[in-house]
Amino acid sequence: MTRRLAFVPLALALLAWPAAQASQAPGADAPRKAWWKEVVVYQIYPRSFQDSDGDGIGDLRGIISRLDYVQSLGVDVVWLNPIYESPNDDNGYDISDYRAIMRQMGTMADFDAMLAGMHQRGIKLVMDLVVNHSSDEHAWFKQSRASRDNPYRDYYHWWPAERGVPAKRWSFFDEEANAWRYDATTNAYYLHYFSRKQPDLNWENPKLRREVYELMKFWFDKGVDGFRMDVIPFISKDTSFPPLPASYGGNYVAYYARGPHLHEYLQEMNREVLSRYDVMTVGEGAGVAIEDALDFVDEDRKELQTFFHFEVADWGRRKGDFMYPDPDNRRLPDLKDVFTRWDRVFEKKGWGTVYLGNHDQSRMLSRYGNDTPPYRVASAKMLLTLLLTMRATPYVYYGDELGMANIRFREISDYRDLQTINYYTRLKREGGDVAGFLAAQAEVSRDNGRTPMQWTAATNAGFSTATPWIRVNPDHESVNVEAEERAPDSVLSYFRRLLRLRKSEPTLVYGAYQLLDRDNPEVFAYTRSLDGRSLLVALSFSASGGRTAIPAGQAPGKVLINNLATSPVQAAQLELAPYQAVVLELDRK
Ligand code: TEU
C-alpha cells in the first residue's frame, strides 16, 4: 500500500479539495479538522510488551500475538519505540542500521506481518525517527572516525584537538556529563549530546540530510503511517561551537533546541518527504520554550503537525535536575496552568498532544495519582479521564490502561537504564549522596516505566517464559489484563468506555477548553464546548475528594462517565469523592 500523494491523479486531488474544505469545523476560530487530531495513540515499548521466543526481551512476533488486545482497546494508532538494528546502549535509541530490524526484535518479514496485522485491524503505525544522532557502530560513524579526509567525516561533528579543548557542551547520559569525547585515531573530539555511543549527526551537511529523507521514504513506502521524531529540535548546530551564550543562564537544553537552521531543515524535510504522504508527525519537543512552540506546528509554515512539550513531565521534578522529584513543585494549580497555557498556544493554529507517561517517565499513576491500595483504581481512572478529555491528541502509554505503577527499585544493580547508571557512577566518583539519588530514582527513574506488560498473575506476568530483561512489578498478581478483563469496574473496562466516549463526542476533540476554579487545590475542573454543546469535566486530585461549583447560569445535565458508583451532583455544586472523575453535560438554565 503506497500513499504517495504525488501519485494521486490531479483530477482526483481537485475533486477531494472542496470536500476537505467543507469538512472544516464551523466558526472562524475553531481548529481545522484532521484525522490525526481525532485519533488516540497507544505507545508500545517493544522490549517490554510481549516476548515470543523466550529470550526475556519483547519482540515483533510478541506484538503480533497481542494485536487483538490492542484493537480491543479501541485505539487508532500505535507508536512503537525504535526497533532498528542497534547495539542497545540506550535500548534502540542508538541505531546502527536505519533500514534493518534489531535481531532481538525479529526480522523484516516479522515487521511486514506486524504492519499488515495492524492495518487489517484499522490500526495505524507510527515509528520512532532517531536522527539527531546514530550509534557509534553505524557504518557512517566507523568511516567518519577512520580518517580526517574520509568522505563520511562531515556526517558527524568533529573538533580537531590542535585547536584546544572545545567549549563545554553538557551531555544527558555521559559518565562525566561532557558531550565532547576525545578520539585518538584522528586526534579530535566528537560531539554527543547523549551517550558516548550516540554521536550527533551533522545536519549542516546536505548529504546527511538527503540520507535521512531517503530512509524516511523507505519506511513510508512500506506503509508506515507517521513518525515520532526523537529530540528533533536539537538537529541544527552552530558549528563554530562558541561558549554557551550567557543569556541561556547555563540551560544547555534550551540552547540545543534553537539551532540556527532548525526551521529551515524542518521545512526542507516537509517539502522533500512529509508533504508527499498522508502521515502524522509528532516531534519530541525537548527544550522548546512555549513562545517558540507554534513555529514547529503552524500549518502555514509547513513543518510538523504536533509535538510533545515537557512542562507536564517537569511538574513534580526538580527544576534544573529532572533526576530528582521535588515535593515543592507539586501544586495542582500549577499543573492546571500548564494545561491552560498550552491549550492557548494552539487555540487557532497548530495542534497539541497530551501524555502523562512514556518510556522516559516513571508511571503516570505513581507520579500524578495515588498508587496506595485504597486509591489506585480511582486515581488511575481519573488520570485517564484527564488524558482523553483535553483538546490535543492523547498518547496512552502501555500498561496505564491497567493502572500499572512504579516498581521502585532499591539497588543500583536492579537498573538497566544508562541514564540512571551513568549518573550514579559520576555521583559516586565525586563522593555525592548516592543513597539520596537512589531514593529519588525510585520515584522518577525511566525504568519505572519500562517494566514488562502485565498480562496475567503467573510467573513473569505472561510476558516471557524466561527471566525478563528487567524485573516484573510484583503487583502483577492483581494488576493484569486477565483479571481486569473479567472485572466490569476495572481500570481496563473504564478505559474502554472512556475511549468510546472520546470517539463519539467531537466536543471532546475540537471543543474549546475553559479552566474553572483555578485556585482550587484539590479539583481540576474545565469545560469543553462546541456548537452550543458544553461538557464539564471535574477531576479530584486529592485523597480528601473536593468540591467545585457548577458554572453560573448552567445546570448539571446527563452524566456521561463517572469513575465511581456515587453521584457527585449536589444542586449547584459537585461534591467529589477521593480521586473521583466525572464528565457531564451542562444545560443552560
Ligand atoms: O529523549 C530525550 C530527552 O530529552 C530525554 O533524555 C529526557 O529528557 C529524559 O529521559 C527524561 O528522563 C529521547 C528519547 O525519548 C529517550 O528515550 C532517548 O534516551 C533519548 O532521546 C536519546 O535518543
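All residue numbers refer to positions counted from 1 along the written sequence of the respective chain. In keeping with the model being predicted, local features are shown solely for residues with a pLDDT of at least 70 and side-chain atom pairs are shown and tallied solely at 80 or more, while totals for entire chains, interfaces and linings include all residues. In computing side-chain values, all of the structure's heavy atoms are included and hydrogens and water are not.

Caption draft 1: A look at the site of the ligand. One heavy atom within 4 Å of a molecule or strand makes the whole residue count as near it. Near the ligand, the surroundings consist of 19 residues, among which D90, H133, D230, H359 and D360 are the closest. Two N or O atoms form a polar contact when they lie within 3.5 Å of each other; inside protein one atom must be a possible hydrogen donor and the other a possible acceptor, and for residues adjacent in sequence the pair counts only when both atoms belong to side chains. Within the contact set of the ligand, an oxygen atom lies 2.8 Å away from a side-chain nitrogen or oxygen of D230. One nitrogen or oxygen atom from the side chain of D360 is found 2.4 Å from an oxygen atom belonging to the ligand. The protein chains shown are the only cover counted for residues, whose accessible areas, like all others here, come from Shrake-Rupley with a 1.4 Å probe. Protein chains bury 98% of the 500 Å² of accessible surface belonging to the ligand in isolation.

Caption draft 2: Local environment of helix 5 (residues 108-120). Put simply, DSSP H or I for four residues or longer makes a helix, DSSP E for two residues or longer makes a strand, and each gets a number counted from the N terminus. For a helix, the expected span equals 1.5 Å multiplied by the residue count minus one. With 13 residues, helix 5 ought to run about 18 Å at 1.5 Å a step, and its terminal C-alpha atoms sit 18 Å apart, in line with that. We call a residue buried when its accessible area falls under 20% of the maximum for its residue type, exposed when it is over 50%, and partly exposed in between, using a 1.4 Å probe and counting protein chains only. Taken together, the buried positions of helix 5 are occupied by D110, F111, M114, L115, G117 and M118. Considered in projection along helix 5, the buried side chains sweep an arc of 160° and stay on one side of the axis. Exposed side of helix 5, more than 90 degrees from the buried face: A109 and Q120 are the residues found there. To be clear, the arc concerns the directions from the helix axis to the C-beta atoms.

Caption draft 3: Looking closely at the packing of aromatic side chains. Only the six-membered ring of Trp is used, alongside the rings of Phe and Tyr, when aromatic pairs are assigned; centres must lie within 6.5 Å, and planes under 30 degrees apart are stacked while those over 60 apart are edge-to-face, with the rest tilted. For the structure on display, the rule yields 53 aromatic pairs. On the numbers, 5.1 Å between centres and 75° between planes, the contact of F49 with W455 is edge-to-face. With F49 in the loop between strand 1 (41-44) and helix 3 (60-65) and W455 in the loop between helix 16 (434-444) and helix 17 (481-486), this residue pair connects regions lying 406 residues apart in the sequence. Across the pair, exposure class does not vary: F49 and W455 are buried alike. Arranged with centres 4.8 Å apart and planes meeting at 80°, the rings of F141 and Y156 form a pair that is edge-to-face. Taken together, the residues span a long stretch of sequence, with F141 in helix 6 (residues 139-146) and Y156 in the loop between helix 6 and strand 6 (158-160) at a distance of 15 residues. Like F141, the residue Y156 is buried in the burial classification. Put simply, the rings of W170, F172, F173, Y193, F194, F234, Y248, Y252, Y255, Y256 and F322 touch in pairs and so form one group of aromatic residues.

Caption draft 4: Structural context of the packing of helix 15 (residues 418-429) against helix 16. Throughout, an axis means a line fitted to C-alpha atoms (over the contacting stretch in the case of helices), and angles, computed between N-to-C directions, take values from 0 to 180 degrees. Contact geometry for helix 15 and helix 16: axes closest at 10 Å, N-to-C directions at 160°. The orientation of helix 15 relative to helix 16 falls into the category roughly antiparallel. Crossing handedness for the pair helix 15 and helix 16: right-handed. Here T420, Y423, Y424, L427 and K428 of helix 15 come into contact with helix 16, specifically with V434, F437, L438 and Q441. The scheme is simple: roughly parallel for angles under 35 degrees, roughly antiparallel for over 145, roughly perpendicular for 65 to 115, oblique for anything else. With the far helix as reference, a near helix turned anticlockwise by less than a right angle produces a left-handed crossing, and one turned clockwise produces a right-handed crossing. In what follows, a contact means two residues having at least one pair of non-hydrogen atoms within 4.5 Å.

Caption draft 5: Representation of the pairing of strand 5 (residues 124-129) within the structure. Among the 6 residues of strand 5, 5 are classified as buried, and the element is accordingly described as predominantly covered. Each pair of strands is called paired provided DSSP finds at least two bridges between the two strands. Where strand 2 (residues 77-80) meets strand 5, 4 bridges bridge the pair, whose relative direction is parallel. Bridge pairing in strand 5 places L80 opposite M127. Inspection of the sheet shows strand 5 paired to strand 9 (residues 226-229) by 4 bridges, in the parallel sense. Looking at strand 9, one finds that M127 is bridged to F227.

Caption draft 6: How the structure looks around the side chain of D200. Within the element layout of this structure, D200 appears in the loop between strand 8 (188-191) and helix 7 (206-222). Apart from residues no more than four positions distant in its own chain, D200 is found in contact with N132, H133, Y155, Y156, H157, L191, H192, Y193, F194 and K237.

Caption draft 7: Seen up close, the sheet that holds strand 22 (residues 573-576). Read from one edge to the other, the open sheet built from 3 strands follows the order 19-22-21, with strand pairing classed as antiparallel. Each edge of the sheet is formed by a strand with only one pairing partner; in this case those strands are strand 19 (546-549) and strand 21 (569-570). Note: strand 21 against strand 22, 2 bridges, orientation antiparallel. For V569, the partnering residue across the bridge sits in strand 22 and is L574.

Caption draft 8: Summary view of the side chain of D326. The residue D326 is located in the loop between strand 13 (321-325) and helix 12 (332-345) in this model. The positive count covers Lys and Arg only, the negative count covers Asp and Glu only, and His and the chain ends enter neither. Salt-bridge detection follows one rule: a side-chain nitrogen of Lys or Arg within 4 Å of a carboxyl oxygen of Asp or Glu. Buried charged residue D326 carries no salt bridge. Nearest counter-charge: R318, at 6.0 Å. Within the structure, D326 has its side chain in polar contact with the backbone nitrogen of D328 (distance 2.8 Å). D326 has contacts with G316, R317 and R318, leaving out every residue within four places of it along the chain.

Caption draft 9: Main features of helix 18 (residues 491-504). Taking 1.5 Å per residue as the helical rise, helix 18 with its 14 residues ought to reach 20 Å, and the 20 Å between its terminal C-alpha atoms agrees with that figure. Counting buried residues along helix 18, 10 of its 14 residues qualify, which places the element largely inside the surrounding structure. Residues of helix 18 that are buried include every one of V491, L492, S493, Y494, F495, R496, L498, L499, L501 and R502, and no others.

Caption draft 10: Summary view of unusual backbone geometry. With a phi close to 60°, N460 is a non-glycine residue in the positive phi region. The exposure class of N460 is buried, given its relative accessible area of 16%.

Caption draft 11: Summary view of the sheet that holds strand 9. Taken together, the 8 strands give an open sheet; going across it, the order is 11-10-9-5-2-1-15-14, and neighbouring strands pair in parallel fashion. Strands with a single pairing partner mark the edges of an open sheet, and in this sheet they are strand 11 (306-308) and strand 14 (353-355). Neighbour-to-neighbour, the strand axes of the sheet open up by a mean angle of 25°, direction not taken into account. With respect to the sheet, helix 5 is in contact with strand 2 and strand 5, its orientation differing from that of strand 5 by roughly 135°.

Caption draft 12: Geometry of the pairing of strand 16 (residues 512-516). The pairing of strand 16 with strand 17 (residues 523-530) spans 5 bridges and is antiparallel. Bridging across to strand 17, Q514 finds its partner in T527. Connecting strand 16 to the antiparallel partner strand 17 that follows it, the hairpin turn spans 6 residues, and D517 within it adopts a positive phi of roughly 55°.

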